[in-house]
Amino acid sequence: MDADVTRVSILGRDSIHCGFHLIPYIAHTVLTNLPSSTYVLITDTNVASFHLQAFEKAFIDAFDTAKTPEKPRFISKVIAPGETSKSREGKADIEDFLLLNGCVRDTVVLALGGGVIGDLSGFVAATFMRGVRFCQIPTTLLAMVDSAVGGKTAIDTPHGKNLIGAFWQPEYIFIDAAFLETLPQREFSNGMAEVVKTAAIWSHDEFTILESSAEQLFAAIQSPAPCPVGRTAADRTAAQTLLLRTISASINVKAHIVTIDERETGLRNLVNFGHSIGHAIEAVLTPAVLHGECVSVGMILEAELARSRGVCGQVVIGRLARCLKAYNLPISVTDPRIARVPAVQGLGVSRLLDIMRIDKKNSGSQKKIVLLKEIGKTYELKASVVPDDAIAKVLSDAVRVVPGTPAKNVRMATPGSKSISNRALVLAALGSGTCRLKNLLHSDDTAVMMNALQELKGASFEWEDAGETLVVHGGGGSLGVPAAGKELYLGNAGTAARFLTTVCALAAANPADASLPTNITGNARMKQRPIGPLVDSLRANGCAVEYRESTGSLPLAIPAGGLAGGKIRLAASVSSQYVSSILLCAPYAKAPIVLELVGEEEGKGVISQPYIDMTIAMMETFGVSVRRLSDEKTGRLLDVYEISRGTYKNPGTYVIESDASSATYPLAVAAITGTRCTVTGIGSASLQGDARFAVEVLGRMGCTVEQTAEETTVQGPPPYDAATGEGGLRALGEIDMETMTDAFLTASVLAAVACRPAKEGLGIEGAGKEYTSRILGIANQRVKECNRIRAMMDQLAKFGIKTTELDDGLEVHGQAAPTLKEGASIHCYDDHRVAMAFSVLATTVKGTVLEEKRCVEKTWPNWWDDLQNKIGIHVEGIELDKSHDGAAASTSKDVSTAPTAPADSDATVILIGMRGSGKSHIGELAARTLGRSFLDADAHFETLHGPVRAYVAEHGWPAFRAAETKILGDLLQTHAKGHVLSLGGGIVETPEARELLVAFGGAKAGGKVVHVVREVDEVVRYLGEETARPAYGEPVTDVWKRREPWFAQCAGFEFVNYTGVLGGAAAVQDEARREKELAGEVARFFGHVAGTSVNLAQNVAKKDTRSYFLSLTYPDITPALAHMEHLVEGVDALELRVDLLRAPKDLDKPVAPGTYIPPAAYVAEQLAALRRATSLPIVFTVRTVSQGGAFPDGAEKEAFELLELAVKNGVEYVDVEITFDQQRIKELATRAHRGHSQIVASFHDWSGSMKWSEALVKDKYKVASELSDIVKIVGKANELKDNFALFEFVSRVEAQPGAKPIIAINMGAEGQLSRVLNRTLTPVTHPLLPSKAAPGQLSFAQIQQALHLAGQLPARRFFLFGTPISQSPSPTLHNTGFATLGLPHQYDLLETSDVGEQIRATLASPDFGGASVTIPHKLDVMPLLDRLTPAAEAIGAVNTIIPTSEGASGARILVGDNTDWLGMRACILEKQPSLAAPAAALVIGAGGTARAAIYALQSLGAKRIYVHNRTAAKAQALVDAFPNARVEVVERLGAWPGDAPSVIISTVPASAGAAGLPETLFDKAVARGIVVDMAYKPAETPLLALARSVASQSWATVSGVEVLLAQGYEQFERWTGRKAPKGVVQRAVLEMYNASN
Ligand SMILES: NC(=O)c1ccc[n+]([C@@H]2O[C@H](COP(=O)([O-])OP(=O)(O)OC[C@H]3O[C@@H](n4cnc5c(N)ncnc54)[C@H](O)[C@@H]3O)[C@@H](O)[C@H]2O)c1
Ligand SMILES: [Zn+2]
């Protein structure tokens, strides 16, 4: 075949063949060398769509030419793409395919695809018929350079990746780089991570090429040459050649390593560089983040680990990071591409360490990681043992500094100055001889500069001391134009571009082609930056520089030939870099240069003279002097420079001056710890202002400072000694730091521990200012990375340090170090200087945590390592509690003054809203349900300042608002916990108050701010009747319009005080009912939102229990409210299909599907109306058209507005489609969880093509389960079998630890079985609904019947034990309930006079479902039971038996309960909802029922309970049975020892007490009372009749049959786990009752 391939040898055979457009070559080679009857090509759908046909054709063509007697077969198997195919199922699928096709031992498997196909097919080949031959034909870069080479094959299991597999070497590995042309760019980068890795561990030369080749490599795949260009070496393009070279070089290394160590015993570990941590990250983030991307981050982290162990220097990390970035790879988990993946939350340090525990490289419990020593070299030729705490330190976001004494006589350099580093590189390269540059800054600028100088053959570089020293072998000014086609890429490095432009002009012509210019270019941003004035000057000096794109900017073509010299004029008002560029190169011109600088315009001078001076000074050091001319007459300096010709003479060593601001930190550590530190490379000769810090600040604080021209040494005074009271730093007094502003943060932390007075005469006047340092001249620090003055004040406050803010600075009031608060956690505002300054303080204060360690990277990336390794202060990594995220998110605004409340359910609830919206009333109700005290801020105001009206009249509105805001601030401090607080309507008018409210409602404070909303018309009506508070003086509607957005901004929640306009006239009329509904909703909303009684569906959480929701599919749900009682039968929740709602005004308009969005106000009203009718949890669903709903597909923003509304309204479940933006979903979830609501993340496939067995479903499940509390996946069944696949899928995911509940449904009639089998929140319909929400939906009752028939819901038998019981309504009650819900159970009477054999046998029978117990067995039955509930125990009687399973074995036990008290309690709360904690209550009678009555009253919180009985002794016995309650005997009804009772429960037969009842029983003064008569017959007992006649207005009545029903409902619920269908049951029971009455 006419293809040129590069062969690479592995395990002694040349089996790797690399080239371009190799398909015919592959067919030929395989057929010739691997004869077989069958060739099976395995690939995935993506690859198949591009390349399968070509393979088929190539093989068929080759068969035709083959002369074999029997033609072989070529068959192919195409599978789903993606990691999920690499599973046991995926393997079985291929094996079945092979078996079905009669494949035998001679089969050759061809794996065409990425690593997934390669690993999977390879493993199939390894085990099929005990192993068949196979070839790797990788199509991704990752597969080419990594997975296809080495013979590792594997599949994944739910326990982890690649856990099952084999070593199985392929016969051939065909690398056809042309496949990369169809590969998505992200996948290409993914592979480049491995390429970079290989070079990093093995080959410095390769790495250097990679550093500069990114553009060209991307170009090679993005603008490919047409087939078959590149098949032969002769016609390959330069880009193709580079690509092939890069790939084969990488493979070469891997092949070499594999050959030496095939089974991974040592050396082969090296290729795992970046993988130990990378894999752990990948385990958490897959599939959202790719392998190579995780490895890229892993490489940086592992290199940092090496740095922290002192194995490599920062230069290695800098180069690695820049190179990875060039290939578009992330280098940290904070990369936005990674940070927005929801699973990032799972990247905790301990989790990652845990995952790393099962790394194959580990030896025992010791972790092994490949440590990089240099680029191209590892520390050991294998992975090295690294302790866990070192890894934890690298992984953690925060550090804790451990106080201690630094090493003796610290001597160190701090990172080099950037301007000096760049100049030094050019000088040393142009100089003659070798120069060792020390302390070079490693930045993009210096990296591209070095690369370009090398390309120009102007110098060569070497690293020494692990990158601490750069050895420059200077070229003495001889440079050459690079080869044709070579471009110098300078990125966005401005200094490098300017300096190099003139340097390039010095290059000598290329011997091959003298006309070649040097081409320099940059990134898009660089191509906009100006370079015109410099180019103009060079042109004028005979160097014909050309603009290759736009005039005035890069790219440039710079011809060879050098500078002519002589007079050069340069416009220098834009950048001093032009000047330095010419100055640096001037000595190499053909004639001496006289450089004259001119302003472009009149009056615009030369900028940045200090930088020009810096260049000249450095040139001097390298042996060339520059003369600046001056006016002969005046002596004034001119902007004219004379430079003589010459060659720079490289000094043997050149130490780049340290960055002076950085130097303040190690020196400050010496000052605060009383030790000695020398910083080299910064001294009195420095031009940097911060270089004066040592003398002017540290000297003044009592340190001994010695400064030479190039070094600074500080010896701190002995630290403060508490025993003697001696030692410590002096206060600064007043100091102006204008010339060294960046150092003020360092000064502030030292001032914090200054405990000796300032030096004589420098101190600040005034009492108590002895230890004060007043730092001035730093106002500009308010607008740096953060407001640094504020930041210092807030963070110093955490140590207990007092500060005072000044216009121009701040005062720090020092304290002796031992008195500072320990354990402060410092927020660094992402500001490197804040972090480093506080780490100085942390060296003396125990337990200080710096929350964001990475922010030091800006100027001193290895600060923490240096602090530990060079200064000798131990630093440990710690993991922050993620729940305090709020702190990290806050900006430089004052954090410490924001009120903070405990972030638990105890935090105060605040109500805001328009006056007249019902805040006070709702607040009182809320306080009652939450068991808290209520406080009305208006009332509080009046107690402080008198009537509001009068106050406003006297002081005016602004004063009132100010006073109101002040009160709010105070209340938030004093009442942050345990209250319900209602605020005045106008509180949101001031920004200060709004800020307080927003902060209080934030995640950190955890308070709940609730906006109480009521229709404006209602408010107006209400306000008309009220005059107590100031009138608005403007229309209420205007006020509302202005305040509405503020209310929304301040409140995290919204309570709609729904007045029932939607519910029809009847609802509005019935005040009592409205009140009851309001109380119900207040209890639900506040209980849920505050977290005291979260209103989630209980059955969802319970194992072995099914749960259901009913989908409401109305345009307007109000007509359904009347039927609510039926609709909710059996279900656990209701779904509001918001996308189907249609506001009344829009009802008649024709609307095309998927174009209508219901108005938010209407949705809120619908929700409120539904809430009044039921407190069942609501599932709020906005289903888009493509997901089978009616909401427009393109309206994601609007959809989220509605979902937000739901969360604000305390909706329990919010359904979100996972096709929506994940970041948005994440934010919604965070908000929802704050109010204890949950997210249902759903995915629907309506096409019918989704298969539950395929990878897609697993992927969707994974995404959904990361985003949600409940997962919902809906497909469509085409045949019954599809339901089994679903069931199989569900069982598998549910078996995973920590699996979220899943709703898995198949649509359509064929899918009904899935609805029957689904366990979590099955959507059901109801016969009363207008339409089914989805095809194939069943009702609750239908599903129960189906479950029963399928053997999933066995019929149970229930009984009533007692005598006489023939008249009992219990069978009617329960059997009606069973029938209505479709339950197969039966309830019967079991009449016996004793608790004997019959009852025992019944209890023991396997189908026993439960029993009611009545007279006379309520006590006798107790010994037969395993356990009593606390209620049954307290009451001393059992009326309900519940079989249940307990313990791990699930053994059945019998529990005795008592529901009588629940029946009483339920009736009382139902009829008189606002009656809570009665001051006094009365029980008549002293038998068993009376005990239940006392228990019920106790649970209601009755303060006193009176007991009246005909025989007082019996009454006393009852009292004695409740020693812990205030129960007392009353002899005579009406003569109360205290408050008159407002609740009366009679437990005596109706005939018993009629005569003795006095009218005074019902106290007229009781505003709301209730009387319960437990006598079952007659319906109207004398007691109830009396109540009606004397107190019908204020006293409600409850009859015995009502209590019987209520306790029956409770029994029903305990037995079945479902609420009884009360309406139906009640009607049936009453019908029977009335018939017999
Ligand atoms: N065996 C080993 O030594 C080894 C080493 C590293 C990785 N791996 C394994 O490799 C797998 C990852 O491999 P991968 O990154 O190649 O992923 P992959 O196989 O999933 O391929 C990535 C994507 O690119 C598509 N694709 C492949 N070639 C294409 C082409 N030429 N044009 C267009 N699209 C194309 C695929 O269909 C897929 O969607 C993982 O399972 C990993 O465990 C194995
Ligand atoms: Zn890898």
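Residues numbered from 1 in each chain as written. Chains lettered and ligands numbered in written order. Predicted model: local features only at pLDDT ≥ 70, side-chain atom pairs only at ≥ 80, totals over all residues. Heavy atoms only, no water.

### Quick look at the overall build of the chain
For the chain, the helix and strand inventory stands at 56 helices and 64 strands. Per-residue burial for the chain yields a buried fraction of 57% across its 1637 residues. Taking contacts inside the chain between residues at least 6 apart in sequence as the whole, the part at least 24 apart equals 75%. On the chain, roughly 64,100 Å² of surface is accessible, and the fraction owed to carbon and sulfur atoms is 53%. Taking the average location of the 161 positive side-chain charges in the chain and that of its 179 negative ones, the two points are 2 Å from each other. (Helix = DSSP H or I, 4+ residues; strand = E, 2+ residues; numbered from the N terminus. Buried < 20%, exposed > 50% of the residue type's maximum accessible area, 1.4 Å probe, protein only. Contact = heavy atoms within 4.5 Å. Areas by Shrake-Rupley, 256 points an atom, 1.4 Å probe, with all protein chains shown as cover. Lys, Arg positive; Asp, Glu negative; His and termini not counted. Charge placed at Lys NZ, Arg CZ, Asp CG, Glu CD.)

### A few points about the site of ligand 1
Lining the immediate environment of ligand 1, one finds 25 residues, of which Asp44, Glu83, Gly115, Thr139 and Thr140 sit closest. At a separation of 2.7 Å, an oxygen atom of ligand 1 approaches a polar side-chain atom of Lys86. Taking Asn190, its side chain carries an N or O atom lying 3.4 Å from an oxygen atom of ligand 1. Those elements that place two or more of their residues in the shell around ligand 1 are helix H2 (45-65), helix H4 (115-127), helix H5 (141-147), strand S8 (160-167) and helix H6 (185-202). Partitioned by chemical class, the residues of the shell around ligand 1 number eight nonpolar, nine polar and eight charged. (Near = heavy atom within 4 Å. Polar contact = N/O pair within 3.5 Å; in protein donor to acceptor, adjacent residues only side chain to side chain. Nonpolar A, V, L, I, M, F, W, Y, C, P; charged D, E, K, R; others polar.)

### Comments concerning the coordination of the zinc ion (ligand 2)
The zinc ion (ligand 2) binds to the protein through Glu194 (OE), His275 (NE2) and His291 (NE2); the donor distances cover 1.9 to 2.1 Å. Sequence spacing among the residues donating to the zinc ion (ligand 2) works out to E-x80-H-x15-H. Pair noted here: Glu194 is in helix H6 and His291 is in helix H10 (residues 291-308), with a separation of 97 residues, a long-range link. Of the two residues, Glu194 and His291, neither departs from the other in class, the shared state being buried. (Donors = N, O, S within 2.8 Å, 3.2 Å for Na, K, Ca; no water.)

### Thoughts on the environment of Val1100
With respect to the secondary-structure elements, Val1100 resides in helix H37 (residues 1098-1101). The exposure class of Val1100 is buried, given its relative accessible area of 14%. A C-alpha to C-alpha distance of 9.4 Å links Val1100 and Ile1270, two positions 170 residues apart in sequence. Not counting chain neighbours up to four residues away, the residues in contact with Val1100 comprise Ser1107, Tyr1213, Ile1270, Pro1301, Thr1320 and Leu1321.

### Here's the deal with the sheet that holds strand S26 (residues 637-643)
Paired through backbone hydrogen bonds, the strands of a sheet run either parallel or antiparallel to each other. An order of S23-S24-S26-S25 is seen for the four strands of this open sheet, with the pairing classed as mixed. In the strand order of this sheet, the two ends are held by strand S23 (566-571) and strand S25 (626-630), each with one partner. Mean inter-strand twist for the sheet, computed between neighbouring axes without regard to direction, equals 30 degrees. Along the sheet face, helix H19 (residues 576-585) touches S23, strand S24 (593-598), S25 and S26 and points at about 160 degrees away from the line of S23. Against the sheet, helix H20 (residues 609-621) contacts S24, S25 and S26, and its axis sits at roughly 30 degrees relative to S26. (Pairing = 2+ DSSP bridges. Axes fitted to C-alpha atoms, helices over the stretch in contact; angles between N-to-C directions.)

### Remarks on the UniProt feature "domain: SDH C-terminal" (unreviewed entry) in the chain
Cross-referencing UniProt, the feature "domain: SDH C-terminal" (unreviewed entry) maps to residues 1600-1630 in the present numbering. Helix makes up 84% of residues 1600-1630 and strand 0%. Its end C-alpha atoms lie 12 Å apart. (UniProt positions renumbered as here; feature names shortened; annotations may be inferred.)

### A short note on the state of the cysteines
This model, assessed by the stated rule, comprises zero disulfides. With no disulfide of its own, Cys227 lies 18 Å from the sulfur of Cys18, the closest cysteine sulfur. We note that Cys855 lacks a disulfide partner, and the nearest cysteine sulfur, in Cys828, lies 4.6 Å from it. Overall, Cys855 belongs to the buried group, its relative accessible area being 7%. (Disulfide = S-S within 2.5 Å.)

### Describing the pairing of strand S51 (residues 1302-1307)
By the criterion of burial, S51 is predominantly enclosed, with six of the six residues buried. Side chains of S51 alternate between two faces, with Ile1302, Ala1304 and Asn1306 and Ile1303, Ile1305 and Met1307 buried alike. Looking at chain direction, strand S50 (residues 1270-1276) and S51 are connected through six bridges and run parallel. The residue bridging Val1271 from the neighbouring strand is Ile1302, located in S51. Since S50 and S51 lie parallel, the crossover through helix H44 (residues 1281-1294) that links them has a hand, and here it is right-handed. (Right-handed = clockwise from strand over helix to strand, strands pointing away.)

### Some details on the pairing of strand S45 (residues 1108-1112)
Among the five residues in S45, five count as buried, and that is most of the element. Of the two faces of S45, the one carrying Tyr1108, Leu1110 and Leu1112 and the one carrying Phe1109 and Ser1111 are both buried. For S45 and strand S52 (residues 1322-1324), the ladder comprises three bridges, and the chain directions are parallel. Each bridged residue has a counterpart across the sheet, and for Leu1110 the counterpart in S52 is Val1324. Bridge analysis of S45 against strand S46 (residues 1133-1137) gives four bridges, and the strand direction is parallel. Looking at S46, one finds that Phe1109 is bridged to Ala1133.

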